[in-house]
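Below are the chains, spelled out letter by letter.
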Amino acid sequence: MVKVYLDHVTKIFPPRTVAVDDVTLEIPEGELVGLLGPSGCGKTTTLRIIAGLEKPTKGRVYFDDEDVTGKEPRERNVAMVFQFPILYPTVSVYENIALPLRAEKMPEDEVRREVNRIAELMGIKEYLGMKPGRLDIGVRQKVALAKALIRDPSIFILDEPLTVIDPKMRVELRTKLKQIQLDLGKSMIYVTHDQAEALTLAERIAVMKDGKILQYDVPERLYDRPSNSFVGWFIGNPGMNLIECSASVEGGCLVMTNENGFRYSIEGVGEIKVPGKVVFGIRPEYVKVEEGGDAMRATCIHVEHAGNRQILHLQFYGESLKAKVPLGVRVSPGDTVPVKFVAEKIRIFDPSTGNLIL
Amino acid sequence: MVEITLENVSKSIEGRPIVQDINLTIPDKSFFCILGPPGSGKTMIMRLISGLDRPDSGRILFDGRDVSGLEPVERGVAVVFQDFALYPHLTVYENIASPLKVKRLSSQEIRRRVEEVARYLKIHHRLTHYPSQLSGGERQRVSIARALVKDADVVILDEPLVRLDYKIREDMRAELGKIQKELGKNVILITSDPIDALSLGQIVAIMNGGRDIQTGNVHELYERPWNLFVGKYLGVVEMNSIEGRAESGGGRTIVKTRLFEFELLGKIGDSGVIIGIRPEHLRIKELGGGGDVEFEGRIALTEVIGSDTIVHLDVGEKEYLRVFVPAIYKKPIGERVKVAFNLSDLYIFGSDERFLMRGGEHG
């Protein structure tokens, strides 16, 4: 197992597409780290640079203390699993899994023992004699994982491995992957656009956008203290509400307003400097539909049933606002409702950079 | 304005029945949702209503008038397909205008209608662009604009959200609901995602296996599903089911399962039952949740799905139950946790999977 370190890595595809923009990232030994972001954010290119499938335009890649920037993929001892399982269709599942061991000229009885052990672990023993073409894609992906695991690589690289698997099997495979990672203590890098995938599996997640890492943190922090408004919006279902407004600080009190009559102040902020405009962020979970002294008003546009809660889509001083409220709150489209915020959950961002101010 | 009725409609393809003996009424000016798993025949219903296919037997009525023999253009139905079906070599303007060209309208009239609908769907700044230059959400809007510009009485949306990134879906659902309300059209949404039905459909028809179709109010169905299939399917996270047995004696009915037992208020004879528990009704004790009945399981996985977590609980004998936690909750695999639920939240089904009663009812 190795520690992976990316040192100021940039990748430019000619003529001037900056796919990865000055990324520095440390993946500790034995940890499962997620790279999460929308399509085109640079997560797959970052992964391919770690695997050695792409060379960085600038920056270095280290495995432990060794500079591997110039090394070929096979010299890095990296195992990869892709979105679509890559298997040889003409030979049996057994032979597919055994292939990496055969390449190492392992004695036949040892190969048999190893293949059986790994097939047991992945729960695919019954398929060993079959050809991959006849199997369900979920089972084929298990075979691809078995084939990756059997090599005892330095690091596992998984590129959206569960995206095309049906939901039932996906949960099973997530459980398997998590268990294997815990049991074997392997370093794994997991690329996905699906927050559920990343939040479930990874101990730490790097959220990427436009080739940059916006935040590299544990799931709880990404949710509670996003360092950037994009992270706040991207994580969560639905994501954080973001309202742009004018701001000023008067006597330790941050006052935010917009031209449609929105006004909210936060006391005791001290002598902070804020730009003339800020983004007011609040998660739908912390928007309360309750009467009270300081309640504001909103108009309900749409009510979405979400199990034991409902998501209210509100029109709020010219902005849209979502509130996640218990089923007991009876609201219909067209109704005017009172709105309050859980004060300690309000986050303030800089609109020009998206960075967290408060 | 149109009320649509399907009377005993059947359709086979190459000898294989796709839909059989379907009866369905879609009221005027409603947001109507047809929900079913893949292969349940819901897309065929769309094709039959729009006129892309003809039924082998049965009748399709628009306001009581038989339209079974009419061509798609004669029915006043617009369809938004899931792959958007935009012409890649035409601009957004030309794509939206395409259904009007065949209607021989003047070019000024075409321009007026295209611009009006484009402004309404917030894509008027994109009229000179080509589909490949648009985001998935914008392509979806162009596809909807092209359907709305025809000013058809009925708009059918065939899985309009499946191809969209889930972050776009969050807002697109609310927008579809708003469009229907503002235009007062009859909108039919075909979907396999129960979340679409729960958040949009006032009335939902649930299909299963091309044969079984039942219609009801989506919230009532959530509370009182007809059967186990509907209970499991129409939920945010799939309902758990546990087999048990009801035994009566001394004026009481006790239901026993492998995991827990409880007294049922309602009366049912000695028989096998299936107990349904929604994941959102199971509460983790250490998070402060309580309830009438408790049992224990081992963590198989804590699946964090954004702001919420689905805990997969291993309860032995290769059975797993799902618990919905409205927060980020992480716990090592294999640890034991206690969960609890209230009897009134239970759904009681017979061994034939038909709904009998809720746990709190005297029935």
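The notes below deal with the structure included here. Each chain carries its own residue numbering, running from 1 in the written order of its sequence. Chains and ligands are labelled sequentially in the order written, the chains with letters from A and the ligands with numbers from 1. This being a predicted model, a pLDDT of at least 70 is required before a residue's local features are given, and a value of 80 or more before pairs of side-chain atoms are given or counted; all residues contribute to the totals for chains, interfaces and linings. The basis for every side-chain value is the complete set of heavy atoms in the structure, and neither hydrogens nor water enter the calculation.

## Details of the packing of helix 3 (residues 92-101) of chain B against helix 5 (residues 136-148) of chain B
Residue and element names in this part refer to chain B. Rules: Where helices are involved, their axes are fitted lines through C-alpha atoms of the stretch in contact, as for all axes, and angles between N-to-C directions lie from 0 to 180°. Segments assigned H or I by DSSP are reported as helices when at least four residues long, segments assigned E as strands when at least two residues long, and all are numbered from the N terminus. For classification purposes, an angle smaller than 35 degrees is called roughly parallel, one larger than 145 roughly antiparallel, one from 65 to 115 roughly perpendicular, and anything else oblique. By the definition used in this description, the sense in which the near helix is turned from the far one sets the handedness, with an anticlockwise turn below a right angle giving left-handed and a clockwise turn giving right-handed. Working rule for contacts: check all heavy atoms of both residues, and any pair within 4.5 Å makes them a contact.
At their nearest, the axes of helix 3 and helix 5 sit 7 Å apart, and the two run at 30° to each other. By the angle between their axes, helix 3 is roughly parallel relative to helix 5. Our pair here, helix 3 against helix 5, has a crossing hand that is right-handed. Along the contact surface, helix 3 presents V92, N95, I96, S98 and P99, while helix 5 presents V142, A145 and R146.

## Focus on the interface of chain B and chain A
Cut-off, in case you're wondering: Summed over both partners, the accessible surface that disappears when two parts come together, traced with a 1.4 Å probe, is what is meant by buried area. Salt bridges are counted wherever a side-chain nitrogen of Lys or Arg sits within 4 Å of a carboxyl oxygen of Asp or Glu. Residues are grouped as follows: Ala, Val, Leu, Ile, Met, Phe, Trp, Tyr, Cys and Pro are nonpolar; Asp, Glu, Lys and Arg are charged; all remaining types, including Gly, are polar.
With 33 residues of chain B at the contact, the number on the chain A side is 37 residues. Surface buried jointly by chain B and chain A totals about 3000 Å² across both partners, of which 56% is contributed by carbon and sulfur atoms. Summed over the shared surface of chain B and chain A, the result is four salt bridges. A salt bridge links D308(B) to R309(A); the shortest N-O distance between them is 3.2 Å. Only helix 6 (166-183), helix 7 (194-200), helix 8 (218-223) and strand 16 (293-304) of chain B provide two or more residues apiece to the side of chain B that touches chain A. Grouping the amino acids of the side of chain B that touches chain A by side-chain chemistry returns 14 nonpolar, seven polar and 12 charged.

## Section: the nonpolar core
Residue and element names in this part refer to chain A. Test applied: Nonpolar cores are built from buried Ala, Val, Leu, Ile, Met, Phe, Trp, Tyr and Cys residues. Side-chain atoms within 4.5 Å join them into one set. Buried, partly exposed and exposed residues are distinguished by accessible area as a fraction of the type maximum, computed with a 1.4 Å probe on protein chains only: under 20%, between the cut-offs, and over 50%, respectively. An automatic or database domain assignment supplies the residue ranges for each domain.
Judged by nonpolar contacts, the single largest core of 82 residues is most densely connected at I97, M256, F280 and F341. Top element by residues in this core is helix 5 (residues 137-149). It accounts for seven residues. Residue-level mapping places this core at the junction of two domains, with at least three residues from each of domain 1 (4-233) and domain 2 (237-349). If sequence neighbours within four positions are ignored, F280 has contacts with N241, L242, I243, C245, M256, F262, Y264, F341, I346, R347 and I348.

## A short note on the pairing of strand 19 (residues 336-341) of chain B
Residues and elements named next belong to chain B. Keep this limit in mind: Only strands that DSSP links by at least two bridges are regarded as paired with each other.
Where strand 15 (residues 283-284) meets strand 19, two bridges bridge the pair, whose relative direction is antiparallel. Residue pairing for strand 19: I284 is matched across the bridge by V339. In terms of strand pairing, strand 16 meets strand 19 through six bridges, oriented antiparallel. Within the sheet, the bridge partner assigned to R298 lies in strand 19 and is R336.

## Notes on helix 1 (residues 43-51) of chain A
All names here are of chain A. When you tally the buried positions in helix 1, you get seven out of nine residues, the bulk of the element. Within the span of helix 1, buried status applies to K43, T45, T46, L47, I49, I50 and A51. G52 lies just past helix 1 and shows a positive phi near 95°.

## Topic: the pattern of salt bridges
Pairs may arise between side chains of opposite charge once their charged atoms sit close together. Residues and elements named next belong to chain B. For the coordinates displayed, the defined rule picks out 50 salt bridges over all chains. The partner of R224 in a salt bridge is E361, with the nearest N and O atoms 2.5 Å apart. Taken together, the residues span a long stretch of sequence, with R224 in the loop between helix 8 and helix 9 (228-233) and E361 in the segment after strand 21 (355-358) at a distance of 137 residues. Exposure remark for R224: the relative accessible area of 40% places this residue in the partly exposed category.

## With respect to a nonpolar patch on the surface
To keep it simple, the criterion reads: Like charges are joined within 9 Å and nonpolar side chains (Val, Leu, Ile, Met, Phe, Trp, Tyr) within 5 Å, but only among residues with over 30% relative accessible area and no salt bridge; these make up the patches. Residue exposure ignores everything except the shown protein chains as possible cover, and the areas themselves are Shrake-Rupley values with a 1.4 Å probe.
On the surface, a cluster of nonpolar side chains totalling about 240 Å² of accessible area is made up of Y88(A), V91(A) and L99(A). Turning to its location among the elements, L99(A) is positioned in helix 3 (residues 93-103).

## Quick notes on the sheet that holds strand 8 (residues 188-192) of chain A
All names here are of chain A. Read from one edge to the other, the open sheet built from six strands follows the order 6-7-8-3-9-10, with strand pairing classed as mixed. Two strands close off the open sheet at either side, each with one partner strand: strand 6 (78-81) and strand 10 (212-217). The average undirected angle you get between the axes of adjacent strands in this sheet is 20°. The sheet contact formed by strand 3 (residues 32-36) and strand 8 spans five bridges and is parallel. Counted as the bridge partner of L36 is T192 from strand 8. With respect to the sheet, helix 5 is in contact with strand 6 and strand 7 (155-159), its orientation differing from that of strand 6 by roughly 175°. The sheet contacts of helix 6 (residues 167-184) involve strand 3, strand 7 and strand 8, and relative to strand 8 the element is tilted by about 155°.

## A closer look at helix 5 of chain A
Because an α-helix completes one turn every 3.6 residues, residues spaced three or four positions apart along the sequence face the same direction. All names here are of chain A. Spelled out, the test is: Any helix carries an expected span of 1.5 Å times its number of residues minus one. Here a polar contact is taken to be a pair of N or O atoms separated by no more than 3.5 Å, where protein atoms must pair a possible hydrogen donor with a possible acceptor and residues adjacent in sequence count only if both atoms sit in side chains.
Taking 1.5 Å per residue as the helical rise, helix 5 with its 13 residues ought to reach 18 Å, and the 18 Å between its terminal C-alpha atoms agrees with that figure. Most of helix 5 is tucked away: 11 of the 13 residues are buried. Every buried residue of helix 5 is listed here: G138, V139, Q141, K142, V143, A144, L145, A146, K147, A148 and L149. Close packing links the buried residues of helix 5 with strand 6, helix 3, helix 4 (108-122), strand 7 and helix 6. Among the residues of helix 5, the N-terminal cap falls to D136, whose side-chain oxygen and the backbone nitrogen of G138 are separated by 2.8 Å.

The quantities given are spatial measurements derived from coordinates; they are silent on function.
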